[in-house]
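Per-entry structural report
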Amino acid sequence: MIAVSSELRQAPSTDQEVADEATVSTRRSVLELDDLRKSYNGTPVIRDLSLTVHDGELLTLLGPSGCGKTTTLRLIAGLERPDSGTVRLDEASVTGGNFVPAEHRDVGVVFQEFALFPHLSARENIAFGINEWPEDERRARVEELLELVGLSEHGEKSPDELSGGQQQRVALARSLAPEPQLLLLDEPFSNLDVDLRVEMREEVREILKEAGVTAVSVTHDQEEAMSISDRVAVMSDGSIEQIGTPEEVFQQPESRFVAGFLGHASFVAGHVKPDCVETGIGCIPFDQINGLTDAYVGSEIDLMVRPDDVRARPAGPEEANGEVVHRRYLGPTVLYRVEIDSGDVVGCMHNHADKVSLDDPVFASLDADHELAWFPRGERKMADGGRERDD
Ligand code: ADP
């Protein structure tokens, strides 16, 4: 028996509730990847990749092109077999001796190019995957989904009569129709122009949350990952560097790679004194530095700062501690790069009305209302708490 409206669960009403729900690790795991490995022609592409996705959670695999995101998605979908390791769906293994092929996995996929049938209406496209359902249930499910994606008035239109955003909503509804236990989204916004992309991110998140669906999406776009996900898994070279809420991975990156990939990270050399960390932009108190303890007194560290953490103002030669070496006008803001006297170069973001000219001497200082991440000099903190030499 196929449940129809009862499948649409009560949506959490605020983003905070969504995040709270998502961080409850006691929830049923819908997907588990355990030590997955995959090579092509002897070259490892996926290395010991493990992660768990909980019921109702939206997790995004984020990383640069070629880091293995699509391959991971294909391994989950059953379009590739891992060389070793396990994929579990709803706690049952679908790999190894009991490999379950894609068509028998209860997994839906939303492709980049939407892949709608041009000769079918929106309604028929959505119904496509559930043609074997009893007629009345199928009709009810399609109407329910048209309403969910806000297209009740457009059911008879063919894809070429719909806007890009509407086509994407039809593609999403079609993938949700058979009530998959897991939905995979492969760079779902890459086919849309920039403005629509931003709008659709919000919409797709709302639709997925309203449907209560568990989903894994893939993107190389940091902003997209941050804005749609409950958790983000940052990938590099076939493995996961860090996994956490968008706030965790952005504010407390556990490796320089994650720090750099998620925004314009600059590093400022610091010498840890008993009460503060001496840097080229002032002595930064301990309580502004995440997890720094007395045990590090006397050591050299690198503090991570982002452009919104640093201010630079024109200053006379007596007061100046650096000079502007690069200026990029971005419309609402201007991004400066300031070389401070210690030799570090830091980015700082100013309102477009602030005018500091190239080569101007400036006084750069910290202007952050949150704790800063840091890394031991010449080493990097690893996700597992171990240490690895930086190359
Ligand atoms: P991403 O989605 O992060 O851009 P992919 O998973 O598509 O990365 O690819 C990871 C690496 O695996 C790339 O170097 C790519 O060239 C390689 N690769 C992917 N699929 C195949 C394949 N079928 N045969 C050989 N190499 C592949």
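Below: a short report on this structure. This one's a predicted model, so the numbers in the text were calculated from it and none came from an experiment.

Attention now moves to the sheet that holds strand β13 (residues 282–285). If you walk across this open sheet you meet the five strands as β13-β12-β11-β14-β20, and the pairing is antiparallel. Since the sheet does not close on itself, it has two edges, and those belong to β13 and β20 (374–376), each with one partner. Geometrically, the sheet is characterised by an average inter-axis angle of 35° between neighbouring strands, direction not taken into account. Alignment of strand β11 (residues 266–272) against strand β14 (residues 300–305), held across six bridges, turns out to be antiparallel. Bridge pairing in β14 links F267 to M304.

Of all the nine residues making up helix α2 (residues 69–77), seven are buried; the element is thus mostly covered by neighbouring parts of the structure. For α2, the complete set of buried residues consists of K69, T71, T72, L73, L75, I76 and A77. Where α2 terminates, the next one or two residues include G78, which has phi positive at roughly 90°.

With that settled, consider the pairing of strand β7 (residues 182–186). Counting buried residues along β7, five of its five residues qualify, which places the element largely inside the surrounding structure. What you see with β7 is no split at all: L182, L184 and D186 on one side and L183 and L185 on the other are buried throughout. Of the pairings in the sheet, the one linking strand β6 (residues 107–110) to β7 comprises four bridges and is parallel in character. Looking at β7, one finds that G108 is bridged to L183. Chirality of the crossover, the property in question, places the unit of β7, helix α6 (residues 194–211) and strand β8 (residues 215–219) among those that are right-handed.

Further remarks concern the environment of H326. Mapping H326 onto the fold places it in strand β16 (residues 322–329). Classification of H326 as partly exposed rests on a relative accessible area of 37%. Sequence separation of H326 and S357 is 31 residues, and the distance between their C-alpha atoms is 9.0 Å. Not counting chain neighbours up to four residues away, the residues in contact with H326 comprise L335, Y336, R337 and L358.

As enumerated under the stated definition, the model contains 23 salt bridges in all. For R88, the salt bridge identified is with D34, shortest N-O distance 3.4 Å. Of this pair, R88 sits in strand β4 (residues 84–89) while D34 sits in strand β1 (residues 29–40), and the two are 54 residues apart along the sequence.

This part is about the nonpolar core. Grouped together as the largest cluster of nonpolar side chains are 34 residues, with contacts concentrated most on I126, L172, L176, L183 and L208. Looking at this core, the elements that each hand over two or more residues are α3 (122–127), α4 (135–148), α5 (164–176), β7 and α6. Once residues lying within four places of it in the same chain are set aside, the contact partners of I126 are V142, L145, L146, V170, A173, R174 and A177. Within the second largest apolar cluster, 27 residues are counted, among which are V277, I281, L303 and A368.

One open sheet accounts for four strands, arranged β2-β1-β4-β5; its pairing is antiparallel. Here the strands that pair on one side only, and so sit at the sheet edges, are β2 (43–54) and β5 (92–93). Where β1 and β4 come together, five bridges link them in antiparallel fashion. Within the sheet, the bridge partner assigned to L31 lies in β4 and is L89. Relative to β1, α2 is tilted by about 120°, and along the sheet it contacts β1, β2 and β4.

Throughout the structure, instances matching the rule amount to four aromatic pairs. Ring geometry for F267 against F375: centres 5.8 Å apart, planes inclined by 70°, an arrangement best described as edge-to-face. Taken together, the positions of F267 in strand β11 and F375 in strand β20 put the pair 108 residues apart, joining distant regions of the chain. The exposure class of F375 is buried, given its relative accessible area of 0%.

The rules behind each value
- Residues numbered from 1 in each chain as written.
- Predicted model: local features only at pLDDT ≥ 70, side-chain atom pairs only at ≥ 80, totals over all residues.
- Heavy atoms only, no water.
- Pairing = 2+ DSSP bridges.
- Helix = DSSP H or I, 4+ residues; strand = E, 2+ residues; numbered from the N terminus.
- Axes fitted to C-alpha atoms, helices over the stretch in contact; angles between N-to-C directions.
- Buried < 20%, exposed > 50% of the residue type's maximum accessible area, 1.4 Å probe, protein only.
- Right-handed = clockwise from strand over helix to strand, strands pointing away.
- Contact = heavy atoms within 4.5 Å.
- Salt bridge = Lys/Arg side-chain N within 4 Å of Asp/Glu carboxyl O.
- Core = buried A, V, L, I, M, F, W, Y, C linked by side-chain atoms within 4.5 Å.
- Phe/Tyr/Trp six-rings, centres within 6.5 Å; stacked < 30°, edge-to-face > 60°.

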